[in-house]
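# Fold and contact review
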Amino acid sequence: MAYKIPLFDLNFGKEEEDAVIEVLQSKWISMGGKTTELENSFARTINAKHALAMTNCTAALHLALAILDIGPGDEVIVPSLTFVATANAVKYVGATPVFADITSLEDLTISPEDIEKKITDKTKAIMVMHYGGFACDMDKIMSIARKHNLKVVEDAAHSPAATYKGKYLGTIGEVSAFSFFSNKNITTAEGGMLVTNDDTLAERAKLMRSHGMTTMSYERFKGHATSYDVIEVGYNYRLDNVRSALGVAQLKKLDEDIERRKVLVKRYYENLKDIDGLIVPFMGKEEESTNYVFPVVLAESCPLDREEVRNKLSEAGIQTSVHYPSVHEFSIYSENYAKLPLTEYAARREITLPLYYSMTLEQVDYVSNALEEILR
């Protein structure tokens, strides 16, 4: 159905069209100069030493663990209130995901206290996910990691240019992964970025991104190399020039996108703060976030279940979603099941409301009023 207010809308214009046409006319559409430009621009944006473009965020998460030499017999502590790729990446390297609960219903990021409870002799890393672009408690998490000699991987899929105490998310742990999927703050349709400040990790990731080859086809095309060796088993996780051009154009809009979302989220907070039966996570923390999504959670006092509320919003022409089903309750992770009461509650009662660059304050009011009327 056509919604009066969709969950998300692309922030695309002539800039993206021109960027793609330029690449098509260049006749070099696989990974090349535009990919390098995107990597350099992204690294500057978040003050990182190395940024390597990837086919998607999942590939970046996989390589993040691989270059840290995490493998069979190792455990990685992960959130469950996340997209399944966070945990799947652990499986890719043969390690075991260990699920930790969220901090609270007001803070949907992974709990540092529960992380520490889950550490064993097999634990090699902690993978955090900055939910909605809101930072996890990185001071506590990094302190725990140092105490137990663990690596930290940041799943920063939601967080391009979000900050934590003056530091950009994705530059705090050893390595991080960003997503450029179609509904993110910036998009290349499919795509992602691996980020690290470690020269050795960056060099290894660069090799593994392209079959373990010592030179790339674009370098040979430009005459900078005529042959190559293969020195490590790698993958084909390269991002092509067409999508990279989209990313370059989108990255120029990122600051404006984040600023606009702050305005919209502030209005949501004003409208929803006093509604009985509704919990609004991250209230007042919007200044540090990309505000990738706007979640609300139905409180225990709310007599309606989530699908009743979502159906009524749909009838009013408002599209909603859920972020996320709890990963530890999926069939594939039944052997890794852990009781996570806060995650399980949020997974049953969270609703994601519309939020995107071109949304108007009047549309925010319409959504807010519809939700208030339903809950009343």
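Everything here concerns the structure above.
Described below are features of the structure shown in this document. (Residues numbered from 1 in each chain as written. Predicted model: local features only at pLDDT ≥ 70, side-chain atom pairs only at ≥ 80, totals over all residues. Heavy atoms only, no water.)

### Notes on empty space enclosed by the protein
For the structure on display, the rule yields 1 cavity of 30 Å³ or more. As for the largest cavity, its lining consists of Phe8, Asp9, Asn11, Lys184, Asn185, Thr187, Gln250, Asp257 and Arg261. Of the residues in the lining of the largest cavity, the class split is 1 nonpolar, 4 polar and 4 charged. (1 Å grid on protein atoms, 1.4 Å probe; cavity = no way out; pocket = protein on both sides within 12 Å on 5 of 7 lines; lining within 4 Å. Points joined across faces, edges and corners; volume = space filled by probe spheres on them. Nonpolar A, V, L, I, M, F, W, Y, C, P; charged D, E, K, R; others polar.)

### Focus on the side chain of Ser111
Tracing the sequence through the fold places Ser111 in the loop between strand S3 (96–100) and helix H5 (112–117). Reaching out from Ser111, the side chain makes a polar contact with the backbone nitrogen of Asp114 at a distance of 3.1 Å. Each residue touching Ser111, except ones within four places of it in the same chain, is listed here: Asp101, Ile102 and Thr103. (Helix = DSSP H or I, 4+ residues; strand = E, 2+ residues; numbered from the N terminus. Polar contact = N/O pair within 3.5 Å; in protein donor to acceptor, adjacent residues only side chain to side chain. Contact = heavy atoms within 4.5 Å.)

### Considering the pairing of S3
Most of S3 is tucked away, with 4 of its 5 residues classed as buried. In terms of strand pairing, strand S2 (residues 75–79) meets S3 through 5 bridges, oriented parallel. Across the sheet, Val78 pairs through a bridge with Phe99, a residue of S3. Considered for its hand, the β-α-β crossover made up of S2, helix H4 (residues 85–92) and S3 is right-handed. (Buried < 20%, exposed > 50% of the residue type's maximum accessible area, 1.4 Å probe, protein only. Pairing = 2+ DSSP bridges. Right-handed = clockwise from strand over helix to strand, strands pointing away.)

### As for the nonpolar core
Formed by 45 residues in total, the largest nonpolar core has its most connected members in Leu272, Leu278, Phe294, Val296, Val309, Leu353 and Leu371. Those elements that provide at least two residues to this core are helix H10 (254–272), strand S10 (278–279), strand S11 (294–298), helix H11 (306–315), helix H12 (341–349), strand S12 (350–353) and helix H13 (361–375). (Core = buried A, V, L, I, M, F, W, Y, C linked by side-chain atoms within 4.5 Å.)

### Brief notes about helix H7 (residues 199–209)
Looking only at H7, the buried set comprises Leu201, Ala202, Ala205, Leu207, Met208 and Arg209. For H7, the elements touching its buried residues are helix H2 (33–45), strand S1 (50–54), helix H3 (57–67) and strand S9 (192–196). Where H7 begins, one side-chain oxygen reaches toward the backbone nitrogen of Thr200, 2.9 Å away; that side chain belongs to Asp198. Downstream of H7 by one or two residues, His211 has phi in the positive range, about 65 degrees.

### Here's the deal with helix H1 (residues 14–26)
A rise of 1.5 Å per residue sets the reference length of H1, with its 13 residues, at 18 Å; its end C-alpha atoms lie 18 Å apart and thus fit the reference within 8%. Within H1, the full set of buried residues consists of Glu16, Ala19, Val20 and Val23. When H1 is viewed along its axis, its buried side chains cluster within an angular range of 90 degrees and face the same direction. The exposed residues of H1 that point more than 90 degrees off its buried face are Lys14, Glu17 and Gln25. Against the buried residues of H1 lie H2 and helix H9 (241–251). Just downstream of H1 lies Lys27, where phi reads positive at about 70 degrees. (Expected span 1.5 Å × (residues − 1). Arc of directions from axis to C-beta.)

### Here we look at the pattern of salt bridges
Pairs can form between side chains of opposite charge whenever their charged atoms are close. Scanning the model with the defined rule gives 24 salt bridges in all. Among the ionic pairs, Lys147 bridges to Glu116, the shortest N-O distance being 3.1 Å. With Lys147 in helix H6 (residues 138–148) and Glu116 in helix H5, this residue pair connects regions lying 31 residues apart in the sequence. Glu116 gets classed as partly exposed once you look at its relative accessible area, which sits at 30%. Residue Asp257 is joined to Arg261 by a salt bridge in which the shortest nitrogen-to-oxygen separation is 2.8 Å. (Salt bridge = Lys/Arg side-chain N within 4 Å of Asp/Glu carboxyl O.)

### A look at the packing of H3 against H4
The interhelical angle for the contact between H3 and H4, taken along N-to-C directions, is 45 degrees, at an axis separation of 9 Å. As the angle between them shows, H3 and H4 are arranged oblique. Like other packed secondary-structure pairs, H3 and H4 cross with a definite hand, here right-handed. Taking contact as the criterion, the partners of Thr58, Leu61, His62 and Leu65 in H3 are, on H4, Ala85, Thr86, Ala89, Val90 and Tyr92. (Axes fitted to C-alpha atoms, helices over the stretch in contact; angles between N-to-C directions. Parallel < 35°, antiparallel > 145°, perpendicular 65-115°, else oblique. Left-handed = near helix turned anticlockwise from the far one by under 90°.)

### Details of the pairing of S9
Two faces belong to every sheet, and in a regular strand the side chains alternate between them. Within S9, 5 of the 5 residues are buried, leaving the element largely enclosed by the surrounding structure. With burial as the criterion, each face of S9 is covered, one bearing Gly192, Leu194 and Thr196 and the other bearing Met193 and Val195. When strand S8 (residues 175–179) meets S9, the two strands line up antiparallel, connected through 5 bridges. Note on S9: the bridge partner recorded for Ser176 is Val195.

### Quick notes on the sheet that holds S9
One open sheet accounts for 7 strands, arranged S1-S9-S8-S5-S4-S2-S3; its pairing is mixed. The sheet is open, and its two borders are formed by S1 and S3, each paired with just one other strand. For this sheet, the mean inter-axis angle between neighbouring strands, taken without regard to orientation, is 20 degrees. Inspection of the sheet shows S2 paired to strand S4 (residues 123–129) by 3 bridges, in the parallel sense. In the sheet register, Val76 faces S4, and the bridge partner there is Ala125.

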